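Below are the chains, spelled out letter by letter.
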Amino acid sequence: MMNKKGLAILMRTKTRPLSPVSSKLNQMQASLPEGDKVSSQDASLIPRRDFSQVRESMHSAMLTNKTEIVDVALDDFSEGYIFLSPENRYKILLSLAKEYDLNRTQVRELMKQHLDLQLPSDKAEDNDHEEEGSLSAFYKIERNLCQALKPMYEVLFERLNTHPGGLKFLSDIRADILRLLEDVNIASLRALDSHLKEKLITWLSPANLELHNITWDDPASLLEKIVAYEAVHPISNLIDLKRRLGIGRRCFGYFHPAIPGEPLIFIEVALMKDVAATIQEVLWDNPPISEHEASCAIFYSISSTQPGLSGVNLGKFLIKRVVEVVKKDMPNICVFATLSPIPGYGQWLLSKLASSEMSGSVFEEKLLKPEEEKALIDASGGSDLGSSVIKVMWNLLTSKNHEWTNSPNLVSALRTPMMRLCARYLMKEKKRGKALDSVANFHLQNGAIIGRLNWMADRSQKGLTQSGGMMVNYIYRLEDIEDSAQAYLNEGHIESSSDFRSYIEDDNGERAD
C-alpha cells in the first residue's frame with residue numbers, strides 16, 4: 001500500500017519543473033481565501049503588468065537609498081517582471097543593459113586626470129610631504145575610477161542578492177538573458193550577462209553552499225524536485241525513486257540558504273563492486289549488494305536545476321566534495337568513476353558520414369577500414385544493394401526505432417567501427433583546444449581521465465540516438481586530479497587509460513598524444 005509521501009509525490013510531480021509564473025501563482029493562491037483561487041493551469045488569467053510601472057520600480061530599486069523604499073521597489077520589480085510578457089521582459093533586459101551601463105564619459109575624464117598626474121618617484125623618502133600629496137591624488141582618482149567602472153545595474157544585483165527570494169530571481173533573470181542572447185548579439189547584453197555571471201559565481205562559492213545527503217526521509221516537496229529536475233536518466237516511478245535513494249545508492253545536493261528546499265545541483269551515486277559498464281545494471285541492480293562489499297562509487301547522473309546558472313561550475317565542486325564525504329564515510333571505496341553519456345557523438349558521426357558520402361572518391365575520408373566495410377555489408381544482407389557502405393551505415397543509424405539493435409549480426413558489425421570512431425571523437429575532436437563533447441569537457445576540466453568505452457551501455461531511445469548506446473567511464477584518481485585538470489586546462493592534454501588508447505592507436509595507425 002502506498003504511503004502518504006509516495007501518494008503526494010505521485011500526485012504533484014510534474015514532467016518538468018514549475019515555471020516562475022506557475023510558482024508565483026501557487027504562492028499567490030496560498031494567500032487567497034477559499035473560493036478565490038486562480039487556476040495555475042492558465043497563467044493568462046493573470047493580467048499582464050504594465051511595462052512602464054515595472055521599469056519604474058526597477059529604476060527606484062537602483063537609485064533610492066531609503067531601505068524601506070528599496071524593499072518595496074524590489075518586491076514590485078520582481079513580482080512585476082514575472083508577469084511581463086516575454087517581449088516586455090526582453091525590453092526590460094535591453095533597457096537594463098544599455099541605459100544602466102557604466103558612465104563612459106566619467107570614466108574617460110577620470111582616466112585623463114590620472115594620466116595628467118606626475119608619477120611619484122620610487123626613491124622618495126617616506127616623509128616627503130610633496131610625494132605623499134601626489135600619492136593621495138592618485139589614490140583618490142583610482143578609487144573614483146574603480147567606482148565609475150561599476151555599471152549601475154550592479155547596485156540592482158547586489159540589492160536583490162540580499163533581498164528575500166532575490167538570488168533565485170537573479171538566476172531566473174539570467175536564464176532570460178541567455179535565451180535572448182541565442183537570438184541577438186548585442187555587446188551591452190553580453191556585458192550584462194558576464195557581469196551577472198561573475199556575481200553569481202561569487203555568491204555561490206562552495207563556502208556559501210550546504211551539502212545534503214538526500215534520502216527518502218526528506219520532505220515530499222524536495223523529492224518532487226529531484227524527480228522533476230533529473231536530466232540524464234528520467235525517474236520512471238516511485239519504485240525507481242526509492243531505489244535511487246536506498247541501500248547502495250546516494251544522492252547529494254548543493255543547497256543555498258537563500259533558496260531553501262531546492263537543490264541548485266544534485267548528483268546520484270551507485271556503490272558497486274566493479275566499475276559499471278551499463279546503465280541497466282546501475283538502475284536495475286535489485287537487490288543491490290551490501291554496502292560493505294562495495295569498492296567503487298559510480299557517479300551516474302548529475303543535474304542542474306537552474307538554467308540561469310549555466311557556466312557557473314558548481315558540478316566541479318560538488319563532485320570533489322562528494323568524493324571526500326564518501327571516502328570518509330566508507331573507507332572501503334577506493335575507485336571513483338562515472339558512467340557518462342556521450343551526447344554529441346551521434347550527431348558528429350552522422351555529419352562525418354554525410355560529408356564522406358557527398359565528397360566523392362577524391363576527397364573522401366576513409367572512415368571505415370576494409371574489414372569493417374565487409375562485415376557491415378555482410379551483416380546488412382544486401383538490403384541496401386547498390387548503396388555505398390557509408391550510405392548503408394547512415395541508413396542503419398537513422399532507422400526508425402533503431403531497428404539495427406534487433407539484429408545480433410548488425411550489432412556486432414557496427415561495434416568495432418563505432419567504438420573506434422567514438423574514441424577519436426572523445427580524444428581528438430576539439431573546440432578551442434578543449435574536448436568537443438560537452439560531458440567530456442566537464443569531467444576532463446575537473447581532473448578526470450577517460451577510462452573505458454562501454455558498448456550497448458544505454459539501450460534507451462535517448463542513449464541510442466545520442467551515441468549508438470555507448471557510454472564512457474571517466475575515472476577520478478584522487479592523487480592525480482589536480483595535475484590532470486591543469487594539463488587539460490593549460491595544454492588541452494587529455495589523459496586516458498591504456499585500454500582506451502588502444503582504439504586511438506588502431507585508428508589509421510596513429511598513436512595518441
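Reading the values: the criteria
- Residues numbered from 1 in each chain as written.
- Predicted model: local features only at pLDDT ≥ 70, side-chain atom pairs only at ≥ 80, totals over all residues.
- Heavy atoms only, no water.
- Helix = DSSP H or I, 4+ residues; strand = E, 2+ residues; numbered from the N terminus.
- Contact = heavy atoms within 4.5 Å.
- Areas by Shrake-Rupley, 256 points an atom, 1.4 Å probe, with all protein chains shown as cover.
- Core = buried A, V, L, I, M, F, W, Y, C linked by side-chain atoms within 4.5 Å.
- Buried < 20%, exposed > 50% of the residue type's maximum accessible area, 1.4 Å probe, protein only.
- Phe/Tyr/Trp six-rings, centres within 6.5 Å; stacked < 30°, edge-to-face > 60°.
- Patch = residues over 30% accessible without salt bridge, like charges linked within 9 Å, V, L, I, M, F, W, Y side chains within 5 Å.
- Salt bridge = Lys/Arg side-chain N within 4 Å of Asp/Glu carboxyl O.
- Lys, Arg positive; Asp, Glu negative; His and termini not counted.
- Charge placed at Lys NZ, Arg CZ, Asp CG, Glu CD.
- Pairing = 2+ DSSP bridges.
- Axes fitted to C-alpha atoms, helices over the stretch in contact; angles between N-to-C directions.
- Expected span 1.5 Å × (residues − 1).

The name an unreviewed UniProt entry gives the chain is Malonyl-CoA decarboxylase, mitochondrial, with Capsicum baccatum as the organism.

Enquirer: Got a sec to walk through the overall build of the chain? Specific residues and values, please.
Expert: Across its full length, the chain holds 22 helices and nine strands. Expressed as a percentage of contacts within the chain between residues at least 6 apart in sequence, the contacts between residues at least 24 apart total 72%. As presented, the chain carries roughly 26700 Å² of accessible surface, and 52% of it is formed by carbon and sulfur atoms.

Enquirer: So what about the nonpolar core? Which residues, and what values?
Expert: Core analysis: the biggest nonpolar cluster contains 104 residues, and F77, Y345, W404 and L426 have the highest contact counts within it. Among the elements that make up this core, the one with the highest residue count is helix α18 (residues 408–428) (12 residues). If we skip the residues at most four places from it in the chain, Y345 touches M418, L421, C422, Y425, D437, Q466, S467 and M470.

Enquirer: Describe the packing of aromatic side chains, and please don't skip the residues or the numbers.
Expert: All chains considered together, the criterion is met by nine aromatic pairs. Where F299 meets Y476, the ring centres are 6.4 Å apart and the plane angle is 70 degrees; that geometry is what we call edge-to-face. Of this pair, F299 sits in strand β4 (residues 296–304) while Y476 is found in strand β9 (residues 471–476), placing the two residues 177 residues apart along the sequence. Of the residues examined, F299 reaches a relative accessible area of 4% and is grouped as buried. Taking 5.7 Å as the distance between ring centres and 45 degrees as the angle between the ring planes, the aromatic pair formed by Y345 and Y425 counts as tilted. Taken together, the residues Y345 in helix α15 (residues 345–363) and Y425 in helix α18 connect sequence positions 80 residues apart.

Enquirer: Can you lay out a negative patch on the surface for me, pointing to particular residues and giving the numbers?
Expert: There is a patch of like negative charges on the surface, built from E68, D71, D75 and D76. Its location among the elements puts D75 in helix α4 (residues 67–82).

Enquirer: Run through the sheet that holds strand β5 (residues 335–338), naming residues and quoting values.
Expert: Sheet strands associate in pairs through backbone hydrogen bonding, adopting either a parallel or an antiparallel arrangement. Read across the sheet, seven strands follow the order β1-β2-β3-β4-β5-β9-β8 without closing on themselves; strand pairing throughout is mixed. Edge positions in the open sheet fall to β1 (210–213) and β8 (449–454), since each of these has one partner strand only. Across the sheet, the axes of successive neighbouring strands diverge by a mean angle of 30 degrees, strand direction being ignored. Sitting on the sheet, α18 touches β8 and β9, and the angle it makes with β8 is about 160 degrees.

Enquirer: Got a sec to walk through α4? Specific residues and values, please.
Expert: Taking 1.5 Å per residue, 16 residues should reach 22 Å; α4 reaches 23 Å between its end C-alpha atoms and fits that length. When α4 is considered as a whole, its buried residues turn out to be V70, A73, L74, F77, S78, G80, Y81 and I82.

Enquirer: Let's hear about the pairing of strand β2 (residues 249–255): which residues, and what values?
Expert: Counted residue by residue, β2 has seven buried out of seven residues, so it is predominantly covered. Relative to β2, β1 is paired through four bridges, and the arrangement is antiparallel. Bridging from a neighbouring strand, L211 pairs with Y254 of β2. Across six bridges, β2 lies against strand β3 (residues 265–272) in antiparallel orientation. Residue pairing for β3: R250 is matched across the bridge by V269.

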